[in-house]
Amino acid sequence: TPARCRMRTLAWLSIISLCLGAAWAVPAKERKKAEKPKAELALYENLDLDNYDLTLDNYGDILDLSNYEELYDYGDLAPKIEVGTLAPRPKDPAALPNLGATAETPKLEPPTTTSSIHPAPIPAQGECRTLALPSCLLCLCIGTSVYCDDADLEHVPLLPPETTYLYARFNRIGTIRASDFMGLKKLKRIDLTSNFISWADADAFRLLPSLQELILPENRLTALPELPRSIVRLDARLNRIPSTGLRPEAFRDLKQLQFLHLSDNQLDYIPAPLPESLRSLHLQNNNIQTMQEDTFCDSQDHSQIRRVLEDIRLDGNPINLSLFPNAYFCLPRLPTGHFF
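Residues numbered from 1 in each chain as written. Predicted model: local features only at pLDDT ≥ 70, side-chain atom pairs only at ≥ 80, totals over all residues. Heavy atoms only, no water.

Undergrad: What's the story with the overall build of the protein in this structure? I'm lost.
TA: A tally of helices and strands in the protein yields three helices and eleven strands. Seen in sequence order, the protein has helices and strands lined up from the N terminus as α-α-α-β-β-β-β-β-β-β-β-β-β-β. Split into buried and exposed, the 340 residues of the protein put 31% on the buried side. Sequence separation of 24 or more characterises 39% of the internal contacts of the protein that already satisfy a separation of 6 or more. About 24,000 Å² of surface is accessible on the protein, with carbon and sulfur atoms providing 56% of the total. (Helix = DSSP H or I, 4+ residues; strand = E, 2+ residues; numbered from the N terminus. Buried < 20%, exposed > 50% of the residue type's maximum accessible area, 1.4 Å probe, protein only. Contact = heavy atoms within 4.5 Å. Areas by Shrake-Rupley, 256 points an atom, 1.4 Å probe, with all protein chains shown as cover.)

Next comes the structure, spelled out in C-alpha cells:
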C-alpha cells in the first residue's frame, strides 16, 4: 500500500543518515590527531639546533638559570609543623616527676685561706688592663692599638707590652719620661698631638727599636730628644723648637727617615746634613735666613741627583732663595719659597 511504502522509505532514509553521520565523525577525530603532530613539527623546524653543543663556554648562554628560583616554588618542600601538639604521656606513672618534693639546696663551703688562687690586681686609674680585654679604664684598647684621645690624661698611661699604636691626642700631658715607653719593643706609632708637652727625656724614644712614626704637633717642646734609627716620619710642627734645641747632625744617621716636618717653630737654619732617604722636608714659618751650598747637594759632586727629595717648603721664612742657586742643582724641583 502507499502508506507502507512511505514508512519503508523514511526508515531507509534514517538508516542512511545515521551511516553518513558516523562516517563523517571518524575522519574528523583522525583529522584533529593528524593536525597536532604537524603543528609540533612546524615548531621544531624553526629551532636552530646545529650549534647546540653544551660546553663550559656557552653554558650560561644556552641555559639561563638566573630566574630558576622564581620559576620553581620551594614552598612545597617546606616541612609542615603542627603547632600545639603535646608529647605523649608516659605509661608508667612512676616516670612522672614528683612536683610536691622540693630539691635540697646544696650547702656552700666557706673559702679556705690556704687556697693558691689570688684575686687579680686592680689597675690604677688611666692604666690599660693587660688582660686579653678590648677596653681600658680611661683608654680603649683594641687589639694592639691603644686609644686615649681626649681622656684628660696628665701623663702617658701604663701600656700593655704588646702595644703597637698609641693615640693620646688632646690631653694635658706635660712631660715624656724615659720610663713611659720602656720595654715596648713592638711600638710603631706614637701620636701625642695637642698636649702640653714641654719636655721629653733624651732617651724617651731612642730605645724603641720598632718606632716608625712620632707625631708631636701642637705642643710646647723647646728641644727634640734623640730618635731611633727606625724612624720614618717625624712631625713636630707648631712647637717652640729653636735651632739650639736640635742636636748637631741630629738626622744624619736616620737612614729610613722620609718625612721631616718642623714647620712653625723657631729654627734659624736648615738642620743639615739630611739623609738620602728624605722625601719631604717642611720648614715653613720659621726664622731661616741663610743656607749653605751643600745643604741639599754635594758641592764637590755636580753629577749628584737626589730624585726622592721632591717636597721642600721654605715659605714663610725671611730667606731669599735666589741667592743660593748652587744649592739646588741636584734636586728634581726647586724649594717652595720666595725668590726675589
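Undergrad: Can you walk me through the sheet that holds strand β8 (residues 233–235) in this structure?
TA: Hydrogen bonds along the backbone pair up the strands of a sheet, which may run parallel or antiparallel. As summarised here, the arrangement of the nine strands in space is β1-β2-β3-β5-β7-β8-β9-β10-β11, forming an open sheet in which the pairing is mixed. If you trace the sheet from one side to the other, it starts and ends with β1 (140–142) and β11 (311–313), each paired once. Ignoring which end each strand starts from, the neighbouring axes of this sheet average 5° apart. By the bridge criterion, three bridges tie β1 to strand β2 (residues 145–147) in an arrangement that is antiparallel. Counterpart to Ile142 in the pairing with β2 is Ser145. (Pairing = 2+ DSSP bridges. Axes fitted to C-alpha atoms, helices over the stretch in contact; angles between N-to-C directions.)

Undergrad: Just checking my understanding: could you explain a negative patch on the surface for this structure?
TA: Judged by side-chain charge, Glu293, Asp294, Asp298 and Asp301 come together as a negatively charged surface patch. Take Asp298: its relative accessible area is 35%, and that puts it in the partly exposed class. (Patch = residues over 30% accessible without salt bridge, like charges linked within 9 Å, V, L, I, M, F, W, Y side chains within 5 Å. Salt bridge = Lys/Arg side-chain N within 4 Å of Asp/Glu carboxyl O. Lys, Arg positive; Asp, Glu negative; His and termini not counted. Charge placed at Lys NZ, Arg CZ, Asp CG, Glu CD.)

Undergrad: Got a minute to help me understand the state of the cysteines in this structure?
TA: Inspection of the entire model under this criterion finds two disulfides. Linked covalently through their sulfurs, Cys139 and Cys148 form a disulfide whose S-S length is 2.0 Å. One disulfide, between Cys139 and Cys148, carries an S-S torsion of 110° and so falls in the right-handed class. Judged by its relative accessible area of 6%, Cys139 falls in the buried class. With its sulfur 1.9 Å from that of its partner, Cys297 forms a disulfide with Cys330. When the S-S torsion is -85°, as for the bridge of Cys297 with Cys330, the disulfide is left-handed. (Disulfide = S-S within 2.5 Å.)

Undergrad: How should the environment of Ser145 be read in this particular structure?
TA: Mapped onto the elements of the fold, Ser145 is located in strand β2. According to the relative accessible area criterion, Ser145 is buried, its value standing at 11%. Sequence spacing of Ser145 and Arg189 is 44 residues, and the spatial spacing of their C-alpha atoms is 9.5 Å. In contact with Ser145, other than residues within four places in its own chain, are Leu140 and Tyr165.

Undergrad: Explain the packing of aromatic side chains to me, please; I cannot follow it from the model alone.
TA: What describes a pair of aromatic rings is the distance from one ring centre to the other and the angle between the planes of the rings. Scanning the entire structure with this criterion turns up three aromatic pairs. Both rings, one in Tyr147 and one in Tyr167, keep their centres 5.2 Å apart while their planes meet at 5°; by these two values the pair is stacked. Of this pair, Tyr147 sits in strand β2 while Tyr167 is found in strand β3 (residues 165–167), placing the two residues 20 residues apart along the sequence. Measuring from ring centre to ring centre gives 6.5 Å for Tyr328 and Phe339, while their planes differ by 75°; the resulting arrangement is edge-to-face. Residue Tyr328 is found in the segment after β11, and its partner Phe339 is found in the segment after β11; the two are separated by eleven residues along the sequence. Judged by its relative accessible area of 7%, Tyr328 is buried. Exposure remark for Phe339: the relative accessible area of 38% places this residue in the partly exposed category. (Phe/Tyr/Trp six-rings, centres within 6.5 Å; stacked < 30°, edge-to-face > 60°.)

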